[in-house]
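# Geometric and topological summary
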Amino acid sequence: MIDLDEATVVVEVAQAHDGSLGAAHAFIDAVARTGADAIKFQTHIAAAESTPHEPWRVRFSPQDATRYDYWRRMEFTEEQWLGLRRHADEAGLAFLSSAFSMDAVELLERVGVAAWKVASGEVRNRAMMDRMMASGLPILLSTGMSPLAEVDEAVGLLTDGGGPFAVLQCTSMYPTPPERLGLNLIPFFRERYGCPVGLSDHSGTLHPSLAAVALGANVIEVHVTLSRDAFGPDVSSSVTVDELTRLVEGVRFLATARVNPVDKDRVAEELAPVRRLFTRSVVARRPLPAGTVLEMGDLAAKKPGSGIPAERLPELVGRRLARDVEMDHLLAEEDLE
């Protein structure tokens, strides 16, 4: 299982493997090296989810005559999925895969997943969600294409189910422009539903995920590609492995900062020795003999701040020196009558 109380980084491979089992395994090794928490694929069983009449969203694959043919080419056998899950386990990654049919749910139940991801187009698939909830595993609910009323309905179902779940802000645009990210919805969903929240990002950059963690996101989902020159529909919406490494570092950094609120007075107290190096004290502008009645022109404010604080300089005007002082001497109370 994955922990929805932590800042969890889920890395989406989707169809970036282009039907190659070897490439799918290569993604597991690459993602494991970044320090991410989980790797997620998509389980498509063409005959169970589609028909030959399904249109292309974008006709990106000249080798597949139809979208249905593409889904068939993306299929792995159950034994191959088991191999991928075992590899993820060995690499220290939680294994997830989005199911797009009841047959896929049943297959993944046998394979074993750490959580369920409800894809944007499956939010109203009640039978599938009921089956997922029955497992007791965490559920990640994408909201990419759903109006608020539909999200309310799905969250109500998940709440009634009693199991752990998180609501992910998502915009199903590839890549997602900054003005459509909807970062405002992360705190909105947290307040509205009282549950863990997150961001499923398709911007192809690091920025939204880092901003989401700063806003309190519990889950970050981001697409990955092995190369910007790779083939596939999601490359423009993905980060590279090197970028993913920096993203994970940033998420860990921000997550630590988020759970460690700062008491400003306490920090100021801790920094008092340093503060004395950077603040100023009242000093003699020139050599002054004992008995001098101090005037403004006799005094200056200079570092360090270990003498009489500079803000007290006006108070010293009119005071009499009790002893001789040299130029730049930091005045102390015992120097004054």
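Read on for an overview of the structure. (Residues numbered from 1 in each chain as written. Predicted model: local features only at pLDDT ≥ 70, side-chain atom pairs only at ≥ 80, totals over all residues. Heavy atoms only, no water.)

Quick look at the packing of helix 4 (residues 78-91) against helix 5 (residues 102-111) now. Between helix 4 and helix 5, the shortest axis-to-axis distance is 9 Å and the interhelical angle comes to 50°. Compared by their axis directions, helix 4 and helix 5 come out oblique. The handedness of the crossing between helix 4 and helix 5 comes out as right-handed. Residues Glu78, Trp81, Leu82 and Arg85 of helix 4 lie in contact with helix 5, whose contacting residues are Leu107, Arg110 and Val111. For the contact of helix 4 with helix 5, a count of residues per class yields four nonpolar, no polar and three charged. (Axes fitted to C-alpha atoms, helices over the stretch in contact; angles between N-to-C directions. Helix = DSSP H or I, 4+ residues; strand = E, 2+ residues; numbered from the N terminus. Parallel < 35°, antiparallel > 145°, perpendicular 65-115°, else oblique. Left-handed = near helix turned anticlockwise from the far one by under 90°. Contact = heavy atoms within 4.5 Å. Nonpolar A, V, L, I, M, F, W, Y, C, P; charged D, E, K, R; others polar.)

Take the state of the cysteines next. Considering all chains together, one arrives at zero disulfides under this definition. Looking at the unpaired Cys170, the closest cysteine sulfur is the one in Cys195, lying at 15 Å. Cys170 gets classed as buried once you look at its relative accessible area, which sits at 5%. (Disulfide = S-S within 2.5 Å. Buried < 20%, exposed > 50% of the residue type's maximum accessible area, 1.4 Å probe, protein only.)

All right, on to the pattern of salt bridges then. Summed over the entire model, instances satisfying the criterion amount to 24 salt bridges. Put simply, Arg124 and Glu153 hold a salt bridge, and the shortest N to O gap is 3.8 Å. Here the residue Arg124 occupies a position in the loop between strand 4 (116-118) and helix 6 (126-134), and Glu153 occupies one in helix 7 (residues 148-161), the gap between them amounting to 29 residues. Here the salt bridges share partners, and the residues they tie into one network are Glu12, Lys40, Lys117 and Glu221. (Salt bridge = Lys/Arg side-chain N within 4 Å of Asp/Glu carboxyl O.)

Of all seven residues that make up strand 1 (residues 8-14), seven are buried, and the element is covered over most of its length. Side chains of strand 1 alternate between two faces, with Thr8, Val10, Glu12 and Ala14 and Val9, Val11 and Val13 buried alike. Looking at chain direction, strand 1 and strand 8 (residues 219-225) are connected through five bridges and run parallel. Among the inter-strand pairings, Glu12 is bridged to a residue of strand 8, identified as His223. (Pairing = 2+ DSSP bridges.)

This part is about the nonpolar core. Membership of the largest hydrophobic core comes to 63 residues, with the highest contact counts inside it found for Ile39, Leu141, Val167 and Leu244. No other element matches helix 10 (residues 241-258), which puts six residues into this core. The residues contacting Leu141, other than those within four sequence positions of it, are Val118, Val123, Met129, Ala154, Val155, Leu158, Ala166, Val167 and Leu168. (Core = buried A, V, L, I, M, F, W, Y, C linked by side-chain atoms within 4.5 Å.)

Our focus in this paragraph is unusual backbone geometry. The residue after Tyr174, namely Pro175, is reached through a cis peptide bond having omega -5°. A cis amide bond links Lys303 with the next residue in sequence, Pro304, at an omega value of 0°. If you trace the backbone, Pro304 turns up in the loop between strand 11 (299-302) and helix 13 (313-316). A positive phi angle, close to 55°, is found at Asp18, a residue other than glycine. Within the fold, Asp18 resides in the loop between strand 1 and helix 1 (21-34).

All right, on to the packing of aromatic side chains then. Geometry of an aromatic ring pair is reported as the spacing of the ring centres plus the angle between the planes. Scanning all chains against the criterion turns up seven aromatic pairs. Here the aromatic rings of Phe41 and Trp81 are separated by 6.0 Å at their centres, their planes lie at 70°, and the arrangement is edge-to-face. Of the two residues, Phe41 sits in strand 2 (residues 38-43) while Trp81 sits in helix 4, which places them 40 residues apart along the sequence. For the pair shown, Phe41 and Trp81 are each scored as buried. For the ring pair Tyr70 and Trp71, a centre distance of 5.4 Å and an interplane angle of 50° mean the geometry is tilted. (Phe/Tyr/Trp six-rings, centres within 6.5 Å; stacked < 30°, edge-to-face > 60°.)

Attention now goes to helix 7. Note: α-helices contain 3.6 residues per turn, so residues at a spacing of three or four share the same orientation. In this model helix 7 runs 20 Å from its N-terminal to its C-terminal C-alpha over 14 residues, within 8% of the 20 Å that 1.5 Å per residue would give. For helix 7, every residue scored as buried is listed here: Glu150, Val151, Ala154, Val155, Leu157 and Leu158. For helix 7, the arc enclosing every buried residue in end-on projection is 155°, short of the 170-degree limit, so these residues lie on one face. Turned more than 90 degrees off the buried face of helix 7, the exposed positions are Ala149 and Asp160. The inward-facing, buried residues of helix 7 abut helix 6, strand 5 (139-142), strand 6 (165-170) and helix 8 (185-193). Positive backbone phi, approximately 85°, marks Gly162, located one or two places after helix 7. (Expected span 1.5 Å × (residues − 1). Arc of directions from axis to C-beta.)

Interaxial distance between helix 7 and helix 8 falls to 12 Å at its minimum, and their mutual angle equals 45°. In terms of axis orientation, helix 7 runs oblique to helix 8. Helix 7 and helix 8 meet at a crossing whose hand is right-handed. Touching Leu148, Val151, Asp152 and Val155 of helix 7 are Phe188, Phe189, Arg192 and Tyr193, all from helix 8. Partitioning the contact of helix 7 with helix 8 into residue classes produces six nonpolar, no polar and two charged.

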